[in-house]
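Summary of structural features
Single-letter residue listing:
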Number of protein chains: 4
Amino acid sequence: MNDAAAALRPRKSPVQARSAATIDALHIAAVQVLTREGLDLCTTTRIAARAGMSVGSLYQYYPNRDALLAAVLERHLDDVARTVEQACHGCRGKPIAQMAPALVGAFVAAKLRDPEESKALYAVAEARGGAALTAHTHRRVVAAVAELLASAPDAHFEDPVMTSAIALSALVGPVRTLLEGRAPAGFAECLEEQLVLLLTAYLRSCRSVPERKMERS
Amino acid sequence: MNDAAAALRPRKSPVQARSAATIDALHIAAVQVLTREGLDLCTTTRIAARAGMSVGSLYQYYPNRDALLAAVLERHLDDVARTVEQACHGCRGKPIAQMAPALVGAFVAAKLRDPEESKALYAVAEARGGAALTAHTHRRVVAAVAELLASAPDAHFEDPVMTSAIALSALVGPVRTLLEGRAPAGFAECLEEQLVLLLTAYLRSCRSVPERKMERS
Amino acid sequence: MNDAAAALRPRKSPVQARSAATIDALHIAAVQVLTREGLDLCTTTRIAARAGMSVGSLYQYYPNRDALLAAVLERHLDDVARTVEQACHGCRGKPIAQMAPALVGAFVAAKLRDPEESKALYAVAEARGGAALTAHTHRRVVAAVAELLASAPDAHFEDPVMTSAIALSALVGPVRTLLEGRAPAGFAECLEEQLVLLLTAYLRSCRSVPERKMERS
Amino acid sequence: MNDAAAALRPRKSPVQARSAATIDALHIAAVQVLTREGLDLCTTTRIAARAGMSVGSLYQYYPNRDALLAAVLERHLDDVARTVEQACHGCRGKPIAQMAPALVGAFVAAKLRDPEESKALYAVAEARGGAALTAHTHRRVVAAVAELLASAPDAHFEDPVMTSAIALSALVGPVRTLLEGRAPAGFAECLEEQLVLLLTAYLRSCRSVPERKMERS
DNA sequence: CATGAATGAGTCTTCATTCAT
DNA sequence: GATGAATGAAGACTCATTCAT
């Protein structure tokens, strides 16, 4: 796994402004090709061409195709994670009724900012090795939400990490359904509202755990 | 879409016992290769080899690789759908508190019966054209659950299809998190319990207000 | 070449009526498939299917695909040859002015009886080894026409075989142009008339000078 | 037909000298393989190998095997057409007795310059789609000759295009007979002379049409 | 004898990656 | 550093031919 991870690292850090711009161009191009042509047709040559450079240049920045796609995916996941983390910071210590909308809002906004991109990157995540990339960011978000839950004044969670993991996964499901076109008509319009309902209800029924102590007594 | 669908249809129906066995062997082999090697390495040659036959034979039953994978995916989805539909029939007219565990139980059981297979097939579903295959089964399950919800004596849902779609998607999320290895330790053990909690809570908070009055009284 | 020829011989002679019927069916099927699908798609399976039998049966009568196609081609060429030979017999000893229309008529009729078949078989003749098959029949027709020329009362040909070969080839050219769709509009309608003109003119200008004196006197 | 034609277009134009050399090498290799092995064995791998490059390189210049073969055929046909057109220009306005040898000479020279190549390409022309390629060049040559005929001072042709088409086809026949090895001994030696005889005689008997008017009077 | 499922060598074609210019 | 032509391994797929039933 060490080797595998090493093989996916970018070749050079964007120490120079030019590098950063080039890498940006590559990411944008990759997402465009991914979006318009699909993962199968997302070849290095095509990406380079869309980015206005030659294949050779692409290989100056990434050791192979997978490394580039991994980087693109990572950046996307990182964006989502940061957005959610900021939301968490913003409502630390607030009651569940305020946490839920904030969390859902941040998550949905991040994922639906560019739906095509989000959708295309799911395909990348599914491909060989994608799980590892996703896992890291996922844990990060779970941790942030767990911390948030622990700070709720109107609830006590026995296992905040678990509750966070379930809750987040439950939010991901409907968003993915929407992105992948399995949603019935009108789904998009009431998605956020329903997710708030869902999250609030779930968190409320989880916090009841402290009550169990009372039951035991 | 007609053409695309036609291209994925199997070539011959298993009229003879031998054919049926061959097709079964192909499905099993495909899942094994998918599971152990990943979608990229899941080539027709490898599948045929694992199934103990030559590539030619594979092509006698499926017009191309995608058709085989589609058939494997379809069979799996169909299994899940049928399981859930049966559960729905089994608790029609029962209160939410009984519906939720039955639904979650059926769904989780179907998806985790062969976790490796379930996981591997997500990759297939993600690949070009997979959405269409998933969509059909998804609608079928959504419809079954919607009907079930409408039969609940202790609740009235304004838009059962939407509630069903959200609820099911919310169940899918955590199951997928588990299958794809993003789950924290202990996740598997409390998954079903938490999903029941989640579903119950969500359905309770969705039902129309009038019912609540009756509950309180 | 002996081996090559042997490999193309049919497997059994049609001693039984059933064999003859089967072989007929195969020939007809082969021509149909050739005509409708082209040489590339003219596979043994397709031919057998169109002939209402299994591939296995086809191989009972022909050792391989090429042998079947060769037999079909040979039969066609033999038909043409026989037709022309009969025409030759029919106007032996007649003057050129009568020979030419008879020859052209026979040849054109034979080749255009089933234009699709004629055309399709050109493709077969062009394929590997086809030259050998064509050569034999060609020589036969050339010989028949040469003999006819030698019998002309109003002409003496120094080298009847050569004249025959040139003349026949010259007739083939326009017929082929028509069959292969390179002909301008109206070509078909005046083809025979023009070929008679062409043949008559050529034969007249070939015959030895002394004859001309006789004609003028 | 637009799509079909597009699929056969070369991929890149030989902008660089290297490219032009590569394309030339491919054409030469294709003809050699075609000549020595036949159309069936004329595979992309073999062509590339004979050209001293890898298959990949072949596909950098042609989108598929047929496109390469089509290009080779086209180049050959274009050569022939140009040669004949030049001969036509050279004897415009001259009497038939001078036209015929010039035309025959040019045509025979062009076709027999590299007999193996000419022969091999007939097989290509016969293959699926070849007719279309041939047709265009054929029309071009027919038009050039028709124009030439119209310029003859000692003859008037009612339908020069038709006469041209018949005459040219009649020349093609014997040349093809020679190339494909169906010719009797000595054929090659007297071919040109006989074709001149043939063409002259045919044209003379066609021009007689104006004379008919005189007959009618 | 007929059948048609099975075989697998051999095609075409793509695309990640390299390296001479 | 940039370029993009060249590479060739590897995949999908076909079809002539065989042979067990």
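Residues numbered from 1 in each chain as written. Chains lettered and ligands numbered in written order. Predicted model: local features only at pLDDT ≥ 70, side-chain atom pairs only at ≥ 80, totals over all residues.

So, on to the overall build of chain A. Along chain A, the regular secondary structure elements total eleven helices and zero strands. Its helices and strands in sequence order give chain A the pattern α-α-α-α-α-α-α-α-α-α-α, from N to C terminus. Burial statistics for chain A: of 217 residues in total, 39% are counted as buried. A separation threshold of at least 6 residues defines the contact pool for chain A, and within that pool the share at least 24 residues apart is 67%. (Helix = DSSP H or I, 4+ residues; strand = E, 2+ residues; numbered from the N terminus. Buried ≥ 20, exposed ≤ 12 C-beta atoms within 10 Å, placed from the backbone. Contact = placed C-beta atoms within 7 Å.)

Two elements in contact, helix α7 (residues 115-126) of chain A and helix α7 (residues 115-126) of chain B, have axes whose closest approach is 9 Å; the angle formed by their N-to-C orientations is 140°. The orientation of α7(A) relative to α7(B) falls into the category oblique. Note that α7(A) runs across α7(B); the crossing there is left-handed. Residue-level inspection shows Tyr122(A), Ala123(A) and Glu126(A) of α7(A) in contact with α7(B), the latter providing Tyr122(B), Ala123(B) and Glu126(B). Tallied by class, the residues present in the contact of α7(A) with α7(B) amount to four nonpolar, no polar and two charged. (Axes fitted to C-alpha atoms, helices over the stretch in contact; angles between N-to-C directions. Parallel < 35°, antiparallel > 145°, perpendicular 65-115°, else oblique. Left-handed = near helix turned anticlockwise from the far one by under 90°. Nonpolar A, V, L, I, M, F, W, Y, C, P; charged D, E, K, R; others polar.)

Our next topic: the relation of the copies chain B and chain A. For the pair chain B and chain A, the best superposition has an RMSD of 0.3 Å and corresponds to a rotation of 179° with a translation of 0.1 Å parallel to the axis. Seen this way, the second copy is the image of the first under a two-fold rotation axis. Interface residue correspondence from chain B to chain A reaches 97%, placing this contact among same-surface, isologous pairings. (Least-squares fit on C-alpha atoms with pLDDT ≥ 70 in both.)

With that settled, consider helix α6 (residues 96-112) of chain B. An α-helix turns once every 3.6 residues. As a result, residues three or four positions apart point the same way. Residues and elements named next belong to chain B. Under the 1.5 Å per step criterion, the end-to-end length of α6 is 24 Å for 17 residues, consistent within 8% with the ideal 24 Å. For α6, the complete set of buried residues consists of Ile96, Met99, Ala100, Leu103, Val104, Ala106, Phe107, Ala110 and Lys111. Down the axis of α6, the smallest arc covering the buried residues is 165°, so these residues share one side. Contact partners of the buried residues in α6: α5 (65-90), α7, α8 (130-150), α9 (160-179) and α10 (187-206). (Expected span 1.5 Å × (residues − 1). Arc of directions from axis to C-beta.)

On to the protein's contact with DNA strand F. Lining the immediate environment of DNA strand F, one finds 32 residues, of which Gly56(A), Thr43(B), Asn64(B), Asn64(C) and Gly56(D) sit closest. Residues of the surface near DNA strand F, tallied by class, amount to nine nonpolar, 19 polar and four charged. (Near = placed C-beta within 6 Å.)

Close to DNA strand E lie 34 residues; Asn64(A), Gly56(B), Gly56(C), Thr43(D) and Asn64(D) are nearest. Within the residue set of the surface near DNA strand E, elements represented by two or more residues are α3 (44-50) and α4 (55-61) of chain A, α2 (17-37) and α4 (55-61) of chain B, α4 (55-61) of chain C together with α3 (44-50) and α4 (55-61) of chain D.

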